[in-house]
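The residues making up each chain are set out below.
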Amino acid sequence: MKSRYDFHVDSLRYLNDQGLPLDALPTWAEESERVLAAYRNMVLTRTFDQKAIALQRTGQCGTYPSVLGHEVVGTAIGQCMTPDDVFVPYYRDQAAHILRGVKLSELLLYWGGDERGSAWQDCPHDLPIAVPIATQCCHAVGIAAAMRIRDEHRAVVCCLGDGATSKGDFLESLNLAGAWHLPVVFMVINNQWAISTPRSLQSGTETIAQKAIAGGIPGHLVDGNDYFAVTDQLLQALERARAGKGASLIEAVTYRLGDHTTADDATRYRSAEELKQAWERDGIKRLQRYLHHRALWSPDQEQQLQTDCKATVELAVADYLAVPPAPATDMLDYLFAKLPKALEPQRARLVVRHGQEDV
Amino acid sequence: MPNVTLVEAVNMALAWEMDHDPNVVLLGEDIATNGGVFRATVGLKERFGYKRVMDTPLAETLIAGTAIGMATQGLRPVAEFQFMGFIYAGMEQLVSHAARLRNRTRGRITCPAVFRAPFGGGIHAPEHHSESTEALFAHIPGLRVVIPSSPQRAYGLLLAAIRNPDPVVFLEPKRIYRAVSQPVEDTGEALPLDTCFTLREGDDVTLISWGASIHETLQAADRLAEQGISAEVIDVATLSPLDRDTLLCSVAKTGRCVIIHEACRNGGVGAEIAASIAEAAFLDLQAPVVRVTGYDTVMPYYRLENFYLPQVEDIVAAVEQVIAL
Ligand SMILES: Cc1ncc(C[n+]2csc(CCOP(=O)(O)OP(=O)(O)O)c2C)c(N)n1
Ligand SMILES: [Mg+2]
């Protein structure tokens, strides 16, 4: 029997666990301001994350999904996308949201149970956080198709987890992206777990990246804790998309360092040893070591950054906590462009029951 | 007799039936090692093994369809959807296959599967985790839709659902998963799926509800009793097919009826009940049937959810309105 097709998945890594380059870095890595800005965003994201968890624990925020372990990927996404591109996120993309203009207080408001937390004042184009897993993949190809129809040189980045790749929504979207040569990049953040379900139970394939092959698009594996690798692969994929050459899939391999959400207890299903080993590959620490190694960073700067991030987060928390509850009538006022006559009595009832001046 | 919560009663019923029927298998996301995100299946993998308690990939179409396939082979699968809000990808399988297999094949192929899902608001959950869309399922001929509202009924109705030869959508009101404990005898005794349960007898008005709202309804009945109004409280329990007889008999006695549900009003199961009463008991009525329901909107995210959920005062006010007529 003859082999008709043989596939290949490349894999990219620039830094070792100690933050030392394994190879020559891409040329853009010379822009030290870009690299420093990335590091600052990662630290800000992690500071924010710790605070959000603390707020949940003290009853000041609802169930919250920690971003711990995803800061590198999210930061790379936020930096590589242009304002005209469209980001189609899931719920663990805090690092990218911050760079896309979403306010920290808005993120808190969202997880604090308030729809106004998706009203993103300074981030007009991105879709809101998708909660039903993988559903956003279909929107991403729809948005990309709209760009194609209008001959625009923009691109879409769609984020999803390893668990999400088991759903038809994802596979159907890959298929369309390949068939229509759409300007979309699927960023699969493989953090090894989908709540308690390990990566090995999601799929029998060795990599998730290789699923791209069946959709007719390239699939790349990158070390998701390696800022240079994620950024470099994403820059190439976005360039390809904007040039009309079609879609790509990037599987960023990382680890969910926290519980699934504040409602979860990961010690029920994974070992302390596995977690400890994952911490040794932490991408933030790795980039920090790189910066030290290149003499771009000092303990004083680190101290200052930590102080600044805490202050930024505290301000956001104060903003968040100062937001008065929305009037009860908000639940009807945004349902349609205009309140249908049929719903007027229900709105009137809300006013009577819960008091609210008419808008 | 153990004192158990509603979610523990679910676990007890699953364990009893797995112990007594080797065809019963469980599948769903995070149900095996983790014991389910609400711990409904905790300990069952350890007890019955991973071949009968299966963690699936994250895919609801697959969960629904796989359960259907297993059921056609004589297994009794109990599939868990992690939340009702994530059932919809499985909807095609439920509507186009589970509900129709027996009818399409004139009884040659059947689907004795149970599809469980926690539902409803009031626990400050993230978006898409608090809806009550039972009417979507009740609308589908061929599906039974069952909602327990106490630990005892959760135990007995779930056993009945698993033993039922046809597909059952079993919706668990998560707001009261742990609200109360009550003694439940672990004797494998099922409750009937073809009857409503009269929880409290009364003469002046019939209060009809199901799921978590039963609790506000019973509280309202207490308050009304203090005002000298005697309310009969009926837990519908099996929303479809509906036991109209119990409802009609009660209304014939009281002449007044208030229906309470958390789901939005438009096209809700309350509308079906009200229509049935209007059709068959119009002359018994001394006042129009009134509904106390959620608003016709997307379930608000949790900061506003209490404004949405029917409250005891709403029920009392509705009763006062129909009594005044
Ligand atoms: C369609 C659907 N099913 C189930 C859930 C419940 N759920 C929320 S997150 C999650 C696991 C997702 O894992 P993965 O895609 O790997 O992303 P991660 O949380 O690891 O970042 C599940 C099952 C959901 N939100 N949507
Ligand atoms: Mg994951």
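Description of the structure in this document. (Residues numbered from 1 in each chain as written. Chains lettered and ligands numbered in written order. Predicted model: local features only at pLDDT ≥ 70, side-chain atom pairs only at ≥ 80, totals over all residues. Heavy atoms only, no water.)

**Here we look at the overall build of chain B**
Step number 1: For chain B, the helix and strand inventory stands at 12 helices and 14 strands.
Step number 2: Whereas a compact globule of 325 residues would reach a radius of gyration of roughly 20 Å, chain B reaches 19 Å, a difference of no more than 12%.
Step number 3: Projected onto the principal axes, the alpha-carbon positions of chain B cover approximately 60 × 40 × 40 Å.
Step number 4: The burial tally for chain B puts 61% of its 325 residues in the buried class. (Helix = DSSP H or I, 4+ residues; strand = E, 2+ residues; numbered from the N terminus. Rg over C-alpha atoms; globule rule 2.2 N^0.38 Å. Buried < 20%, exposed > 50% of the residue type's maximum accessible area, 1.4 Å probe, protein only.)

**Some points on the interface of chain B and chain A**
Step number 1: Chain B puts 36 residues into the contact, and the matching count from chain A is 44 residues.
Step number 2: For the chain B and chain A pair, buried surface summed over both sides reaches about 3200 Å², with 55% attributable to carbon and sulfur atoms.
Step number 3: Contact with chain A buries area across many residues of chain B, yet B:Leu58, B:Tyr295 and B:Arg303 alone supply 23% of it, more than any other trio.
Step number 4: A salt bridge links A:Arg353 to B:Asp314; the shortest N-O distance between them is 2.6 Å.
Step number 5: Secondary-structure elements contributing two or more residues to the side of chain B that touches chain A are α11 (305-308) and α12 (312-324) of chain B.
Step number 6: Looking at side-chain class alone, the side of chain B that touches chain A contains 17 nonpolar, nine polar and 10 charged residues. (Contact = heavy atoms within 4.5 Å. Buried area = accessible area lost by both parts, 1.4 Å probe. Salt bridge = Lys/Arg side-chain N within 4 Å of Asp/Glu carboxyl O. Nonpolar A, V, L, I, M, F, W, Y, C, P; charged D, E, K, R; others polar.)

**Focus: the site of ligand 1**
Step number 1: Lining the immediate environment of ligand 1, one finds 22 residues, of which A:Tyr90, A:Tyr91, A:Arg92, A:Trp193 and B:Glu60 sit closest.
Step number 2: With respect to ligand 1, its neighbouring residues span chains A and B.
Step number 3: In this structure, an oxygen atom belonging to ligand 1 sits 3.0 Å away from a main-chain N or O atom of A:Ala164.
Step number 4: Between ligand 1 and B:Glu60, the relevant distance is 2.5 Å, taken from a nitrogen atom to a side-chain nitrogen or oxygen of the residue. (Near = heavy atom within 4 Å. Polar contact = N/O pair within 3.5 Å; in protein donor to acceptor, adjacent residues only side chain to side chain.)

**Here we look at the coordination of the magnesium ion (ligand 2)**
Residue and element names in this part refer to chain A.
Step number 1: Every protein donor of the magnesium ion (ligand 2) is accounted for by Asp-162 (OD), Asn-191 (OD1) and Trp-193 (O), and the metal-donor separations fall at 2.0 to 2.1 Å.
Step number 2: Written as a sequence motif, the donor arrangement for the magnesium ion (ligand 2) is D-x28-N-x1-W. As far as the burial class goes, Asn-191 and Trp-193 line up, both buried. (Donors = N, O, S within 2.8 Å, 3.2 Å for Na, K, Ca; no water.)

**A look at the sheet that holds strand β10 (residues 205-209) of chain B**
Residue and element names in this part refer to chain B.
Step number 1: In space, the five strands of this open sheet follow the order β9-β11-β10-β13-β14, with mixed pairing throughout. If you trace the sheet from one side to the other, it starts and ends with β9 (197-200) and β14 (290-294), each paired once. Strand-to-strand twist in this sheet, taken as the mean axis angle between neighbours without regard to direction, amounts to 25°. (Pairing = 2+ DSSP bridges. Axes fitted to C-alpha atoms, helices over the stretch in contact; angles between N-to-C directions.)

**A word on the side chain of A:Asp232**
Step number 1: Along the chain, the position of A:Asp232 falls in helix α9 (residues 227-242).
Step number 2: Although buried, A:Asp232 forms no salt bridge, and the nearest oppositely charged side chain, A:Arg34, lies 8.6 Å from it. (Lys, Arg positive; Asp, Glu negative; His and termini not counted.)

**Some points on unusual backbone geometry**
A negative phi angle characterises most non-glycine residues, just as the trans form characterises most peptide bonds.
Step number 1: Cis geometry is adopted by the peptide bond preceding B:Pro241, which originates at B:Ser240 and carries an omega value of -10°.
Step number 2: Of note in the backbone geometry, A:Gln192 takes a positive phi value of approximately 80° without being a glycine.
Step number 3: Turning to its location among the elements, A:Gln192 is positioned in the loop between β4 (184-190) and β5 (193-194).
Step number 4: Of note, A:Ile195 is a non-glycine position whose phi angle comes to about 45°, a positive value.
Step number 5: Mapped onto the elements of the fold, A:Ile195 is located in the loop between β5 and β6 (197-198).
Step number 6: Overall, A:Ile195 belongs to the buried group, its relative accessible area being 12%.

**Description of the packing of aromatic side chains**
Any pair of aromatic rings gets described here by the distance separating the centres and the angle formed by the planes.
Step number 1: Summed over the entire model, instances satisfying the criterion amount to 17 aromatic pairs over all chains.
Step number 2: With 5.3 Å between their ring centres and 75° between their planes, A:Tyr39 and A:Trp297 make a pair best called edge-to-face. Of this pair, A:Tyr39 sits in helix α1 (residues 32-57) while A:Trp297 sits in the loop between α11 (283-293) and α12 (299-321), placing them 258 residues apart in sequence.
Step number 3: Note on A:Tyr39: relative accessible area 1%, which makes it buried.
Step number 4: Overall, A:Trp297 belongs to the buried group, its relative accessible area being 8%.
Step number 5: Within the aromatic cluster, the residues linked to one another by ring pairs are A:Phe48, A:Tyr64, A:Tyr110, A:Trp111, B:Tyr301 and B:Tyr302.
Step number 6: Above the plane of the ring of A:Trp28 lies A:Arg34, whose end atom (NZ or CZ) is 5.2 Å from the centre.
Step number 7: Its guanidinium or amino end placed over the ring of B:Phe197, B:Arg153 lies 5.9 Å from that ring's centre, counting from NZ or CZ. (Phe/Tyr/Trp six-rings, centres within 6.5 Å; stacked < 30°, edge-to-face > 60°. Lys NZ or Arg CZ within 6 Å of the ring centre and 35° of its normal.)

**Things to note about the nonpolar core**
Step number 1: By size, the foremost hydrophobic cluster in this structure holds 141 residues, and its most contacted members are A:Ile77, A:Val184, A:Phe186, A:Met187 and A:Phe228.
Step number 2: Ignoring anything within four residues of it in the chain, the contact list for A:Phe228 reads A:Tyr14, A:Leu15, A:Leu25, A:Trp28, A:Ala29, A:Val35, A:Leu287 and A:Tyr290.
Step number 3: Formed by 48 residues, the second largest nonpolar core is a distinct cluster that contains B:Ala117, B:Ile147, B:Trp210 and B:Ile259. (Core = buried A, V, L, I, M, F, W, Y, C linked by side-chain atoms within 4.5 Å.)

**What to know about the pattern of salt bridges**
All names here are of chain B.
Step number 1: On inspection of all chains with the given rule, the structure shows 30 salt bridges over all chains.
Step number 2: Among the salt bridges present, the one from Asp-19 reaches Arg-47, with a minimum N-O distance of 3.3 Å. Of this pair, Asp-19 sits in helix α1 (residues 6-20) while Arg-47 is found in helix α2 (residues 44-48), placing the two residues 28 residues apart along the sequence.
Step number 3: Residue Asp-19 is classed as partly exposed on the basis of its relative accessible area of 48%.

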